[in-house]
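# A look at the structure
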Amino acid sequence: MYNNQRYNQNQAEEYVVMSGDNLYQIAQKYNITPNDIITYNNLDSTTIYPGQVLLIPTQAPNGMQLFPYTTKKNDSFNSIAQTYGVTPEMIKSYNDFNSLLLAPNQNINIPLAKTYTIQQGDTLDTILKKFNLNLKSLIELNPQFLEAGQVINIR
């Protein structure tokens, strides 16, 4: 049903359209785009009706939870990424940005990173295979030196 694969089909929330609602308002509430709602629900137009039940996607295709965040003055992709333990590229990939700059009071999705504690005997190869990662992704998620006992981001 949802071809974009930005969200997981099985992770959706029902929303009952209220009088006066429009797709833009609903999308803003859930930090997604109106097109996400249109595509996810196979709508033929942007017209919605009171009482209509819409499915709102709430989780990414890889199972990563998305956290709604409203930007503040002086926020940057780097500062938000560092706060939440993800990369700026991950934030960009889960949002539709028209600009490379963030504005205050902008609603965005932040993918919540999954972590793994490196065990004694783990090798780079075993970590990559265990989590089906490539080296580039692992380095982007964890630019620091990896060692036993360290908690690393894997998604």
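Cut-offs applied
- Residues numbered from 1 in each chain as written.
- Predicted model: local features only at pLDDT ≥ 70, side-chain atom pairs only at ≥ 80, totals over all residues.
- Heavy atoms only, no water.
- Helix = DSSP H or I, 4+ residues; strand = E, 2+ residues; numbered from the N terminus.
- Buried < 20%, exposed > 50% of the residue type's maximum accessible area, 1.4 Å probe, protein only.
- Contact = heavy atoms within 4.5 Å.
- Areas by Shrake-Rupley, 256 points an atom, 1.4 Å probe, with all protein chains shown as cover.
- Core = buried A, V, L, I, M, F, W, Y, C linked by side-chain atoms within 4.5 Å.
- Salt bridge = Lys/Arg side-chain N within 4 Å of Asp/Glu carboxyl O.
- Patch = residues over 30% accessible without salt bridge, like charges linked within 9 Å, V, L, I, M, F, W, Y side chains within 5 Å.
- Phe/Tyr/Trp six-rings, centres within 6.5 Å; stacked < 30°, edge-to-face > 60°.
- Lys NZ or Arg CZ within 6 Å of the ring centre and 35° of its normal.
- Arc of directions from axis to C-beta.

### Side note on the overall build of the protein chain
- Within the protein chain one finds six helices and six strands.
- Mapped from its N terminus to its C terminus, the protein chain presents α and β elements in the order β-α-α-β-β-α-α-β-β-α-α-β.
- The burial tally for the protein chain puts 37% of its 155 residues in the buried class.
- Once local pairs closer than 6 in sequence are excluded, the contacts in the protein chain between residues at least 24 apart make up 65%.
- Total accessible area computed for the protein chain in this model is approximately 9300 Å², and 50% of it derives from carbon and sulfur atoms.

### Quick word on the nonpolar core
- By size, the foremost hydrophobic cluster in this structure holds 13 residues, and its most contacted members are Leu-23, Ile-26, Ile-37, Ile-48, Leu-54 and Ile-56.
- With three residues, the top contributor of residues to this core is helix H1 (residues 23-29).
- The residues contacting Leu-23, other than those within four sequence positions of it, are Pro-34, Ile-37, Ile-38, Leu-43, Thr-46, Ile-48 and Leu-54.

### Some remarks on the pattern of salt bridges
- Under the criterion given, the structure shown has one salt bridge.
- Between Asp-125 and Lys-129 there is a salt bridge whose closest N-O contact spans 3.2 Å. Placement of both Asp-125 and Lys-129 in helix H5 (residues 124-130) is noted, with a separation of four residues, approximately one turn of the helix.
- Residue class for Asp-125 comes out partly exposed when judged on its relative accessible area of 43%.
- Overall, the relative accessible area of 63% leaves Lys-129 in the exposed class.

### With respect to a nonpolar patch on the surface
- Together, Val-16, Met-18 and Val-53 make up an exposed nonpolar region whose accessible area comes to about 260 Å².
- Relative to the assigned elements, Val-16 resides in strand S1 (residues 12-16).
- Among the residues examined, Val-16 registers a relative accessible area of 42% and is labelled partly exposed.

### Quick notes on the packing of aromatic side chains
- Under the criterion given, the structure shown has zero aromatic pairs.
- Taking the ring centre of Phe-77 as reference, the NZ or CZ of Lys-92 above it sits at 4.8 Å.

### Brief notes about helix H3 (residues 77-84)
- Inspection of H3 places Phe-77, Ile-80 and Ala-81 among the buried residues, and these make up the whole buried set. One side of H3 carries all its buried residues, which in axial view fall inside an arc of 100°. Every exposed residue of H3 that faces more than 90 degrees away from the buried side is listed here: Asn-78, Gln-82 and Thr-83.
- In this structure, the buried side of H3 is in contact with strand S3 (66-70), helix H4 (88-93) and strand S4 (107-111).

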